[in-house]
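Residue-level structural notes
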Amino acid sequence: MTDTAPRPDRTIPDRPSLEGLEAAWDGVWSEQKLYAFDRETTRAQVFSIDTPPPTASGSLHVGHVFGYSQADMIARYQRMRGKNVFYPLGWDDNGLPTERRVQNYYGVRCDPSLPYEPDFTPPQEGGDNKSAKAANQQPISRRNFIELCLELTRIDEAAFEEVFRTVGLSVDWAYGYQTIDDRSRATSQRAFLENLAAGQAYQSEAPTMWDVTYRTAVAQAEQEDRDREGAYHRIGFTRTDGSGEQVYIETTRPELLAACVSLVAHPDDERYQHLFGTTVTSPLFGVEVPVNPHPLAQAYKGAGIAMICTFGDSTDVIWWRELDLPTRSVIGRDGRFLPEAPWIATAGGQERYAELAGLTVFSAQKRVVEMLRESGDLVGEPSKISHPVKFYENGDKPLEYVTSRQWYLTNGGRDQSEDGLRAELIARGRELTWHPAHMESRYRNWVEGLSGDWLISRQRFFGVPFPVWYGVDEHGETDYAQVLTPPVEALPIDPTIDVPEGFTEAQRGEPGGFVADPDILDTWATSSLTPQLAGGWNGDEDLFGKVFPMDLRPQGHDIIRTWLFSTIVRSHLQQDALPWHHASINGWILDPDRKKMSKSKGNVVTPIGLLQQHGSDGVRYWAGRARQGVDTAFDEGQMKIGRRLAIKVLNASKFALGFGEAPADPAGRLAADPALVTDPLDRALLARLADVVDQATAAFEDMDYARALEVVEPFFWAFCDDYIELVKERAHGNSASGEAGAASARAALAIALEVQLRLFAPVIVFATEEVWSWWREGSVHTQPWPTAEGLREASAGQDAALLDAVAQAAIAVRRIKSDAKVSQKTPVLAVQVLAPQAAVAHLEAAAADLTALGRIEALTLTADEGEGIRTADVELGEPPVKQPRNQG
RNA sequence: GGGUCGUUAGCUCAGCUGGUCAGAGCGUCUGGUUUACACCCAGAAGGUCGGGGGUUCGAGCCCCUCACGACCCACCA
């Protein structure tokens, strides 16, 4: 982007161009604080938008530009409607993506046991995402690590803001926030403490899904299935009744054999009736386990009888809980086998387990299979299958179950009652107005499918710490039941640095003292509070009262289950209200081959490159043509069309204004005096434009920017290609109607142009502003949205169909010359135009303009019953002599 | 397995409560330097609206069904 200064002289350039408009107008807008929210306001005057805070780790994706542009169109429309638009934009920078980027960028990793180094210099800068070899990363203290996180997010966020400014987002940057800044941390911690006091947040020691790479628990919303190769291993257990009977199970997780706590089959399964209530002994490890019936066991899956391990999958957890089975964990938090398995009673079993201790899951599986082969307990060869396995969405290794103490927030996931929290949250979804409406079903689907409360603690470093300590008893044991909390005024706090009231730092970790909760909150636990963060819930009650609940949440459909849902949960718990009235869901960007555009590809096609090549208006046009919720092809062709439209706006405006400025409307409602518009054609134009205004307004009221654009754009092209061409000669004064006819055309041109600039302004933001500056005061973006009323009055009841009749006649005449393959400048010595009676009347009223356009010397209009408007009895003149252009 | 959306010209898509709804742009083809615009202009060709049933005087539009595509959820022995 060049740093072109805004054109100060407000004159029409000889050759209007889009180049440099972005930088010029962004400069003017930010200098004038054009999009600033006015604090002196009432809630009724406000239109507030809860904008997605982008994750500022890495580069912006084309999809960002797409979705944010669409929201901006709605914001701009509302502003022109006279709303005081509250349109902040924050950054979501407190999570794992930032940690990972910092690790790769600086070549470091966090080791909380290390001391802080004040003058630390990272080993590298600007590493990419591929160089992530943990072994090569320098361990640094948590504080050093967080400092690097803050530094890098500052750099990334500045770059993002530059892109968003170039795109022309009418964001009020003064209300920005970072989800890691002091205010956000305080807000997030306060909300948590209130949830705690209300019994909505609680801790529980339970098996949870665990990512062994990041060494943290992950929530249901962050998990995804991936197809992985696996194999069924058929393994025999021996009955302990001395019969020697073998019971065969099939498992894809043979390495968990040592963690087996029971076998299970369906209670009605005839094959296993005799086993229920008896015990069997596991191969290799010789552990005696019961055989239990449970309805979740499926008779036709695998062998019909399964081994329950602690823990292989979610069903294991259910069985373990409902059958009250012991816990025999073998996998540690690092994903490696634990050193001890004290429940293994046999010497051989212990010997074998010792071989597994310390191995990764992958290696342990190989070793166990070898052992089973050697012992003869593996029946046949493992049969390969492909099956879905749960992964953390940012992880590379399958999730494992690890038992740990975690914090949870109620979200209806454990509530099956008819009128409980889950039902309330589903009702909230119904209460919300969705654009498009069918997106509500995704939300309902997700809420209905929740299987547990929201796990909000993460064993990570860069995030909002849990603002709690725990008491330490006289034996030095942590008493998790004794939760110590800070007062709200003290927030934000870091319990690993700050000390609870009534204690001293010396008592940290000491008997009778306290310890900090070492965890941080799930990033969604903070970003679910964006309405509260942006709206000033914690500390700016006045603002909060004016913007909450917000009017609009724009976002992608991929994060309905995370961001949208969690935001509703928080507002429901905190404010007992919906966080917003409307949710506008944008689609995804698809590759031309209809696949979701991949990260890599999206980064190859950088937003900045597209903005430079097609102009921000061109890119915004592409976004504006896409309807809400509809996945959209990445189509540079559409951007080219948008660019052409923006250029056309400049050129057509230049031309329409070149006839001379028309006298102003004394009433001040229109760009020119409507009393001057006397010609039927001019009046028909304004009548048609009034209809367009009505349709565009109705569409925007429904937040359907795409439909509005779809109505305005064709009108504009017809305005250029037909109307302007028709009135050219008359506007120059070269018509029998003389000065009155010319004045009528000029006034109509000025009025129509000005109204169209305002209609286009939400989408084509730069070209419209540029043209506006040539001849009007202020910014087009703070003008009132046009209304049809004045246009209808100016049209004085003229039937808009006149415009269609003349346009069709013009096409018929042009076709004569196209078919004859001669220049449109070729005179028509004589022509008869045949049309229905009503059209003939219209054509008579505009005959002078029509003959001027077609260079017709003798026009005859004839009414007949034929189809449409046609020509007959044509007599063409000599084509003009070709003359070289631009000579002299 | 449950759910949602989609299938309209070569491409990208409109078509709102069933009655000029068979459309637009791009692309293609044929022409034109028409002094606002070659970052242009004019004109033309192109589709039995995924298949099959049904309702109706009348159906891209409503109902049923099948096929294909996409996504969400569930399944993970």
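Note that the structure is predicted; figures quoted are calculated from it, not measured. (Residues numbered from 1 in each chain as written. Chains lettered and ligands numbered in written order. Predicted model: local features only at pLDDT ≥ 70, side-chain atom pairs only at ≥ 80, totals over all residues. Heavy atoms only, no water.)

1. Structural notes on the environment of W320
Which entries qualify depends on this criterion: Under the DSSP-based scheme used, a helix requires at least four consecutive residues in state H or I and a strand at least two consecutive residues in state E, with every element numbered from the N terminus. Note on contacts: a residue pair is in contact if any heavy atoms of the two residues lie within 4.5 Å.
Looking at the secondary structure, you find W320 in helix α6 (residues 314-322). Remark: the alpha-carbon pair of W320 and V261, spanning 59 residues in sequence, is separated by 8.3 Å. The contact partners of W320, leaving out residues within four places of it in the chain, are P207, T310, F311, L325, P326 and T327.

2. As for the pattern of salt bridges
Stated formally: For salt bridges, the criterion is a side-chain nitrogen of Lys or Arg within 4 Å of an Asp or Glu carboxyl oxygen.
Here the structure, examined in full by the defined rule, presents 52 salt bridges. Of the charged contacts, one joins E754 and R758 as a salt bridge, the two residues approaching to 2.7 Å between their closest N and O atoms. Here E754 pairs with R758, and both are found in helix α20 (residues 738-760), just 4 residues apart, close to one helical turn. Through salt bridges with shared partners, one network takes in R39, D540, D542 and K546.

3. Brief notes about the pairing of strand β8 (residues 246-251)
Stated precisely, the cut-off is as follows: A simple rule labels every residue: compare its accessible area, found with a 1.4 Å probe on the protein chains alone, to the largest value its type can have, and call it buried under 20%, exposed over 50%, or partly exposed in between. Whether two strands pair comes down to DSSP finding at least two bridges between them.
By the alternation rule, side chains of β8 split into V247, I249 and T251, which are all buried, and Q246, Y248 and E250, of which none is buried. Pairing of strand β7 (residues 223-239) with β8, which is carried by 6 bridges, proceeds in the antiparallel orientation. Bridge assignment links I235 to a residue of β8, and that residue is I249. Turn length for the β7-β8 hairpin, with the two strands adjacent in sequence and antiparallel, is 6 residues, and the turn residue G242 shows positive phi of about 85 degrees.

4. So, the packing of aromatic side chains
The test is simple: Under the pairing criterion, centres of Phe, Tyr and Trp rings, with the six-membered ring standing for Trp, must be within 6.5 Å; the plane angle then separates stacked pairs below 30 degrees from edge-to-face pairs above 60, leaving the rest tilted.
Counted under the stated rule, the structure contains 34 aromatic pairs. Taking the centre distance of 4.9 Å and the plane angle of 70 degrees together, the rings of F37 and F86 count as edge-to-face. Of the two residues, F37 sits in the loop between α1 (21-32) and β1 (46-48) while F86 sits in strand β2 (residues 84-86), which places them 49 residues apart along the sequence. For F37, a relative accessible area of 7% puts it in the buried group.

5. Notes on the confidence of the model for chain A
Note the following rule: What pLDDT expresses is the predictor's confidence in each residue, scored from 0 to 100.
Predicted confidence across chain A gives a mean pLDDT of 91, with 96% of residues reaching 70 or more. Within the model, pLDDT remains below 50 along residues 1-8, and this stretch shows 14 contacts once partners closer than five positions in the same chain are excluded. Prediction confidence for the complex, expressed as pTM and ipTM, is 0.91 and 0.95 respectively.

6. Focus on the protein's contact with RNA strand B
Definition in use: For this description, a residue counts as near a given molecule or strand if any of its non-hydrogen atoms is within 4 Å of it. What qualifies as a polar contact is a pair of N or O atoms within 3.5 Å, subject to a donor-acceptor requirement within protein and to the restriction that residues adjacent in sequence count only when both atoms come from side chains.
Neighbouring residues of RNA strand B: 52 residues in total, closest E250, A306, P388, R561 and I647. Taking all atoms of RNA strand B within 4 Å of the protein, the share assigned to sugar and phosphate is 68%. Taking H438, its side chain carries an N or O atom lying 3.3 Å from a sugar or linking oxygen of RNA strand B. At a separation of 3.3 Å, a base oxygen of RNA strand B approaches a polar side-chain atom of R707. Those elements giving two or more residues to the surface near RNA strand B turn out to be β7, β8, β13 (378-392), α10 (440-449), α17 (636-657), α19 (705-731) and α23 (801-819). Top element by residues in the surface near RNA strand B is α17. It accounts for 7 residues.

7. With respect to the nonpolar core
Quick reminder of the rule: Joining through side-chain atoms within 4.5 Å is the link that ties buried Ala, Val, Leu, Ile, Met, Phe, Trp, Tyr and Cys residues into a set, and such a set is a nonpolar core.
Within the largest apolar cluster, 126 residues are counted, with the highest numbers of intra-cluster contacts made by F719 and Y723. The element contributing the most residues to this core is α19, with 15 residues. Residue contacts for Y723: discarding those within four places in its chain leaves L681, D682, L685, A718, A745, A748, L749 and L803.

8. Describing the sheet that holds strand β26 (residues 828-835)
What counts here: In this analysis an axis means a line fitted to C-alpha atoms, helices contributing only their contacting stretch, and an angle means the value between N-to-C directions, from 0 to 180 degrees.
Pairing is mixed across the open sheet formed by 3 strands, whose spatial order is β27-β26-β28. Of all the strands in the sheet, just β27 (859-863) and β28 (870-876) have a single pairing partner and so form its edges. Adjacent strand axes in the sheet meet at a mean angle of 10 degrees, parallel and antiparallel pairs treated alike. As paired elements, β26 and β27 share 5 bridges and run parallel to each other. Residue V831 lies in a different strand from β27, and its bridge partner there is L859.

9. Concerning a positive patch on the surface
The condition is simple: Without a salt bridge and with relative accessible area above 30%, a residue can belong to a patch; like charges are then joined within 9 Å and nonpolar side chains (Val, Leu, Ile, Met, Phe, Trp, Tyr) within 5 Å. Using the Shrake-Rupley algorithm and a 1.4 Å probe, accessible areas are obtained, with residue cover drawn only from the displayed protein chains. When charges are counted, Lys and Arg contribute as positive and Asp and Glu as negative, whereas His and the chain ends are disregarded. Where a charge lies is defined by one atom per residue type, namely NZ (Lys), CZ (Arg), CG (Asp) and CD (Glu).
A surface patch of positive charge is lined by R109, R215, R336 and K397. With respect to the helices and strands, the residue R336 is situated in the loop between α6 and α7 (347-356). Using a relative accessible area of 39% as the deciding quantity, one classes R336 as partly exposed.

10. Observations concerning helix α21 (residues 765-775)
Of all the 11 residues making up α21, 11 are buried; the element is thus mostly covered by neighbouring parts of the structure. The inward-facing, buried residues of α21 contact α1, α2 (62-80), α4 (142-167), α16 (607-625), α17 and α20.

11. Let's talk about the sheet that holds strand β19 (residues 478-484)
Sheet architecture is open: 3 strands sit in the order β19-β18-β20, paired in antiparallel fashion. The strands lining the two open edges of the sheet, one partner per strand, are β19 and β20 (514-516). Each adjacent strand pair in this sheet contributes to an overall mean axis angle of 40 degrees, direction not counted. Taken together, the 3 bridges between strand β18 (residues 469-472) and β20 define a ladder with antiparallel strand orientation. Residue pairing in the sheet places Y470 in a bridge with V515 of β20.

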